[in-house]
Amino acid sequence: MRVLGVDPGLTRCGVGVVEGVAGRPLTMIGVGVVRTPADAELGQRLVAVEQGIEQWLDEHRPEFVAVERVFSQHNVRTVMGTAQASAVAMLCAARRGIPVALHTPSEVKAAVTGSGRADKAQVGAMVTRLLRLDAPPKPADAADALALAICHIWRAPAQNRLQQAVALHTATARTTARKGRTA
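Basis of the calculations
Residues numbered from 1 in each chain as written. Predicted model: local features only at pLDDT ≥ 70, side-chain atom pairs only at ≥ 80, totals over all residues. Heavy atoms only, no water. Axes fitted to C-alpha atoms, helices over the stretch in contact; angles between N-to-C directions. Helix = DSSP H or I, 4+ residues; strand = E, 2+ residues; numbered from the N terminus. Parallel < 35°, antiparallel > 145°, perpendicular 65-115°, else oblique. Left-handed = near helix turned anticlockwise from the far one by under 90°. Contact = heavy atoms within 4.5 Å. Nonpolar A, V, L, I, M, F, W, Y, C, P; charged D, E, K, R; others polar. UniProt positions renumbered as here; feature names shortened; annotations may be inferred. Buried < 20%, exposed > 50% of the residue type's maximum accessible area, 1.4 Å probe, protein only.

Asks: Looking at this model, I keep getting lost on the packing of helix 3 (residues 105-113) against helix 4 (residues 120-130). Mind explaining?
Replies: For any two helices packed against each other, the geometry comes down to the angle between their axes and how far apart the axes lie. Running from N to C, helix 3 and helix 4 cross one another at 45 degrees; their axes reach a closest spacing of 9 Å. In terms of axis orientation, helix 3 runs oblique to helix 4. Taken as a pair, helix 3 and helix 4 cross one another with a handedness that is left-handed. Of helix 4, the residues touching helix 3 (which contributes Lys109, Val112 and Thr113) are Gln122, Val123, Met126, Val127 and Leu130. Classifying every residue of the contact of helix 3 with helix 4 by side-chain character gives five nonpolar, two polar and one charged.

Here is the structure:
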């Protein structure tokens, strides 16, 4: 499975591609940051993020895109920029028919470090160890993007089984309800 992780942001949008399957060693395919100038007009910044994401999708051809779920912070302006960059990443993937998964920051931290309250340094250290890198990716947005991809690779099999179980339960309930109406 090849996953593009996206840590959304308007100034720095972390991107990282990881390949592998749960239970096996993972491989980093690429990592970087899409940057936009803070003094540029919002529309131009969003276009720059889109172009950067599109370039990563073209170059690395991921099967899935994992994006950090935006959560409420104290600074509404920061949340808006993050949400807008997140939407751009989801749109780019959706245009290509690539499934998108959203993971919360605490979910990613828990998956990678074992603690949903881990700090950036702990996430960077575990990403370095899990991907057998010489040093943590810089800036932290890049390490966070890799952590998102790792989280998705590890959690996708369980999530797929849960979705299949829910779909089977729903189908069985509908069939039972139809049989009850025709009896």
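Asks: Is there a simple way to explain the UniProt feature "active site" (unreviewed entry) in the protein chain in this structure?
Replies: UniProt's feature table lists "active site" (unreviewed entry) at Asp7, Glu68 and Asp141, given in the numbering used throughout. A stretch of 135 residues holds the annotated residues, and the largest C-alpha distance among them is 10.9 Å, short enough that they meet in one place. Positionally, Asp7 belongs in strand 1 (residues 2-7). Asp7 sits in the buried class, given a relative accessible area of 5%. Not counting chain neighbours up to four residues away, the residues in contact with Asp7 comprise Arg12, Cys13, Gly14, Glu68, Asp141, Asp144, Ala145 and Leu148. Assignment of secondary structure puts Glu68 in strand 4 (residues 64-68). Residue Glu68 is classed as buried on the basis of its relative accessible area of 17%. Sequence-distant contacts of Glu68, that is, excluding residues within four places in its chain, are made with Val6, Asp7, Pro8, Ser86, His103, Pro105 and Leu148.

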